[in-house]
Amino acid sequence: MGLIASLPILVFVLVWIFAYLNTIYESYRKVKVKTQNFIKGKSPLETESVVMEYKQAPGPFPWPIIGNLAILGQYEVPFEAFTALSKIYGDAYSLTLGTTRCLVVNNLELIREVLNQNGKFFGGRPDFIRYNRLFGGDRNNSLALCDWSHLQQKRRNLARKHCSPRDASTFFTKMSDVGCFEMQEFMSKLKADIVPGQEYDLKPVIMQACANMFSQYMCSTRFDYENSGFQVIVRYFDEIFWEINQGYAVDFLPWLVPFYSKHMKKIVHWSTTIRKFILEKIIDEREQNIDLDEPDRDFTDALLRSLIEDNDVSRNTLIFMLEDFLGGHSAVGNLVMLALSHVVRQPEIGKRIQAEIDEITENGKRNITLRDTERMPYTVATIYEVLRYSSSPIVPHVATEDCTISGHGVTKGTLVFINNYELNTSEKYWDNPKEFDPDRFIEKVIQEQSKVEKVARKLSESSDSGVEFESHAQSVKVEAPKYEEVLRVRKNIPHFLPFSIGKRTCIGQNLVRGFGFITLANILQQYDVSVKDLSAVKTVPACVALPPDTFSLVLTERQR
Ligand code: HEM
């Protein structure tokens, strides 16, 4: 009787022992990979297929059940742990989180190998339960969290034109117009709300402004700031953005799910509410009025057209794509709030941005547009420095087959962490990396005077403002009769990869730069931003998100 009663316990213990032995086996087994070798004495075109065995990268020994999770728990954020562990195990090392095999790559060369050279082997994403819950039970509905597939390639192509507008395109002009219009509405809202000298909860309003920019740009629809349904979904988008930027033990220990059931329900509620809103307030109406003979007005038209013309694109694909892209506004709003957090910590940064603004707008005779970016290098550099300093994590990639990285075997299913925190914060790559200093992204270049004039005149002509060339004198300082010293943003810094590289690189980066710039510059054009209690301004390392409820700011109208 006693033996029968203890049978389930015995079975449980045996299963547990077996699982642990399997984890150890998986950690140390050699990986067989087929490679093409040159044949001695033959032409380089003739190769032979050889199966080679590779050891996996070294790493700490995994504990039962939790693997190496306890090590990560000792740090404020996992990326700090990744950097610390690289000092012990080298730039490529293995971890076992729960029972999931992970590889952490910590230098530029290795990161390039994973994302570029061997990108075809690392197109998967982790199968976290949270990710599935957020996207209607299947993370493959999401553009950023799905595994690589033919459909994903198609979705990226569909989005590219609209979501990555190039400088000279009509989409770029539209982006500028949409951003400027929304900023006027935003300013009216602030004027009505702000009580001089008192703190103001700016984040929700910035998020709504950014949501309207995205919605107007992609769906030709915007919502009133007082619309309660709109307020709710903007809040839920922000909750999701914060959620996606957090790591939870349940991601690697799925048996903890029952303890997270309330949290999971909340996630499902956020995402279903958003989906319902988008369907009712945007898609339903647009679907009835689409005219296939007319050119696409916006991203929604392009999606609706593909729904009709392309068998691969389902209604579900369309809804989730719109949700994904509209949700991008949360990243921009959070980025602007982070930029303001640095402005209140270092007021001289705000002053320099304002000097740039005042210079090219002739002391506020017009508002900033997207066409001003070239002549506002310090403002653009501030946005880049926020991206570096907050070091947005790259969504982990997953190996889709057995392969190698830098001579280390990588088993199919291994989750790869790209430690761009190390790229962004190491003294190997930056001077004084702990300092927030936009100047690191600025360089002086000497240009022929005629060339400088031509560029500046072209910019002035193409601007909606009609501001004359002479007004840009500060950004184009005269040093010698024939040559000018120009400040500009440093481009192509090889170790600065805020939007990642390779086939899964961020699709929204031009929207981030564009709408982020317009929002930040317009706020600082109209207001001095400060805070009553600096200790309330809390940000998290290796995180481009702020909690939905965060610090308030004092906005004081500027006197010119
Ligand atoms: C602060 C702003 C943002 C940052 C720092 C950022 C950064 C990133 C990074 C690092 C990735 C992962 C790339 C990889 O896995 O290798 C990514 C993916 C992605 N981003 Fe962004 N992003 C931002 C805003 C946006 C916005 C506004 C949108 C859309 C409107 C967007 C759309 C996407 C999509 C769709 C992917 C997935 C691409 C794929 O997996 O194929 N992002 N982003």
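Residues numbered from 1 in each chain as written. Predicted model: local features only at pLDDT ≥ 70, side-chain atom pairs only at ≥ 80, totals over all residues. Heavy atoms only, no water.

Now for the overall build of the protein. Tallying secondary structure elements over the protein gives 18 helices and 14 strands in all. Its C-alpha atoms give the protein a radius of gyration of 26 Å, within 12% of the compact-globule value 24 Å for 560 residues. For the C-alpha atoms alone, the extent of the protein along its principal axes is close to 85 × 60 × 55 Å. Burial analysis of the protein (560 residues in total) assigns 53% to the buried set. (Helix = DSSP H or I, 4+ residues; strand = E, 2+ residues; numbered from the N terminus. Rg over C-alpha atoms; globule rule 2.2 N^0.38 Å. Buried < 20%, exposed > 50% of the residue type's maximum accessible area, 1.4 Å probe, protein only.)

Considering all chains together, one arrives at zero disulfides under this definition. Here cysteine 146 stays unpaired: no disulfide links it, and the sulfur of cysteine 506, its closest cysteine neighbor, is 14 Å away. Take cysteine 219: it sits in no disulfide, and the sulfur closest to it among the cysteines is that of cysteine 163, at 9.9 Å. (Disulfide = S-S within 2.5 Å.)

On to the site of the ligand, then. The full set close to the ligand counts 24 residues, and Arg125, Arg156, Ser500, Arg504 and Cys506 are the nearest of them. Leucine 143 is positioned such that a nitrogen or oxygen atom in its backbone is 3.4 Å from an oxygen atom of the ligand. If you list the elements that add at least two residues to the shell around the ligand, you get α7 (150-163), α13 (315-345) and α18 (509-526). In terms of residue count, the dominant contributor to the shell around the ligand is α13 (three residues). (Near = heavy atom within 4 Å. Polar contact = N/O pair within 3.5 Å; in protein donor to acceptor, adjacent residues only side chain to side chain.)

Overall, the coordinates contain 31 salt bridges when judged by the stated rule. Close ionic contact of lysine 189 with glutamate 226 constitutes a salt bridge, the shortest N to O distance being 3.2 Å. Separated by 37 residues along the polypeptide, lysine 189 in helix α8 (residues 170-193) and glutamate 226 in the loop between α9 (202-219) and α10 (228-244) bring together distant segments of the chain. The exposure class assigned to lysine 189 is buried, which follows from its relative accessible area of 14%. Here glutamate 557 and lysine 191 are joined by a salt bridge, their closest N and O atoms 3.5 Å apart. Residue glutamate 557 is located in strand β14 (residues 553-557), and its partner lysine 191 is located in helix α8; the two are separated by 366 residues in the primary sequence. On the basis of relative accessibility, which here comes to 40%, the residue glutamate 557 falls in the partly exposed class. Taken together, the shared-partner salt bridges connect Arg286, Arg297, Asp298 and Asp301 into one network. (Salt bridge = Lys/Arg side-chain N within 4 Å of Asp/Glu carboxyl O.)

Pairing is antiparallel in the open sheet, where three strands are placed in the order β5-β14-β13. Whereas interior strands pair on both sides, the edge strands pair on one side only; in this sheet they are β5 (199-200) and β13 (527-530). The sheet contact formed by β5 and β14 spans two bridges and is antiparallel. In the sheet register, tyrosine 200 faces β14, and the bridge partner there is leucine 553. Docked against the sheet, α18 engages β13 and β14, running at close to 100° with respect to β13. (Pairing = 2+ DSSP bridges. Contact = heavy atoms within 4.5 Å. Axes fitted to C-alpha atoms, helices over the stretch in contact; angles between N-to-C directions.)

In this section: helix α12 (residues 299-309). Most of α12 sits inside the fold, with eight of its eleven residues counted as buried. Every buried residue belonging to α12 is among Phe299, Thr300, Asp301, Ala302, Leu303, Leu304, Arg305 and Ser306, and all of these are buried. For α12, the secondary structure elements touched by its buried residues are α7, α9, α11 (261-289) and α13.

Below, the discussion takes up the environment of serine 341. Relative to the elements of secondary structure, serine 341 occurs in helix α13. When neighbours within four sequence positions are excluded, serine 341 is seen to be in contact with Val537, Thr539 and Phe551. Of note is the side chain of serine 341, whose polar atom sits 2.5 Å from the backbone oxygen of leucine 338.

Where helix α14 (residues 347-360) contacts α18, the two axes come as close as 9 Å, and the packing angle between them is 90°. In terms of their interaxial angle, α14 and α18 are classed as roughly perpendicular. The residues of α18 that touch α14, namely those facing Ile353, Gln354 and Ile357, are Leu520, Ala521, Leu524 and Gln525. (Parallel < 35°, antiparallel > 145°, perpendicular 65-115°, else oblique.)

So, about the confidence of the model for the protein. Counting all residues, the mean pLDDT for the protein is 90, and 94% of those residues have values of 70 or more. The ipTM for the predicted assembly is 0.99, set against a pTM of 0.90. (pLDDT = per-residue confidence, 0-100.)

With respect to the helices and strands, glycine 333 occurs in helix α13. With sequence-adjacent residues up to four places away left out, glycine 333 is seen in contact with Ile206, Met207 and Cys210.

Here we take up the coordination of the iron atom of the ligand. For the iron atom of the ligand, the protein supplies a single donor, Cys506 (SG), at a distance of 2.3 Å. Structurally, cysteine 506 can be placed in the loop between β12 (483-489) and α18. (Donors = N, O, S within 2.8 Å, 3.2 Å for Na, K, Ca; no water.)

Moving on to unusual backbone geometry. Of note in this structure, asparagine 363 is not a glycine but carries a positive phi near 55°. By secondary structure assignment, the location of asparagine 363 is in the loop between α14 and α15 (377-390). The phi angle at serine 391 is positive, at roughly 50°, despite the residue not being glycine. Relative to the helices and strands, serine 391 is located in the loop between α15 and β6 (397-398). For serine 391, a relative accessible area of 1% puts it in the buried group.

Right, let's talk about the sheet that holds β6 for a bit. Spatial ordering of the open sheet is given by β3-β4-β9-β6, a layout of four strands whose pairing is mixed. Among the strands making up the open sheet, the edge pair consists of β3 (92-97) and β6. Bridging between β6 and strand β9 (residues 415-418) involves two bridges; their strand directions are antiparallel. Paired with valine 398 across the strands is leucine 415, a residue of β9.

Burial in helix α5 (residues 108-117) covers these residues: Leu108, Leu110, Ile111, Glu113, Val114 and Leu115. Against β3, β4 (100-105), β6, β7 (403-405), β9 and α16 (420-425) lie the buried residues of α5.

So, about the side chain of asparagine 510. Mapped onto the elements, asparagine 510 comes out in helix α18. Here asparagine 510 falls in the buried class, since its relative accessible area comes to 16%. Only 2.9 Å separates the side chain of asparagine 510 from the side chain of arginine 513, close enough to count as a polar contact. For asparagine 510, the residues in contact, after removing those within four places along its chain, are Ser164, Pro165, Arg166 and Met175.

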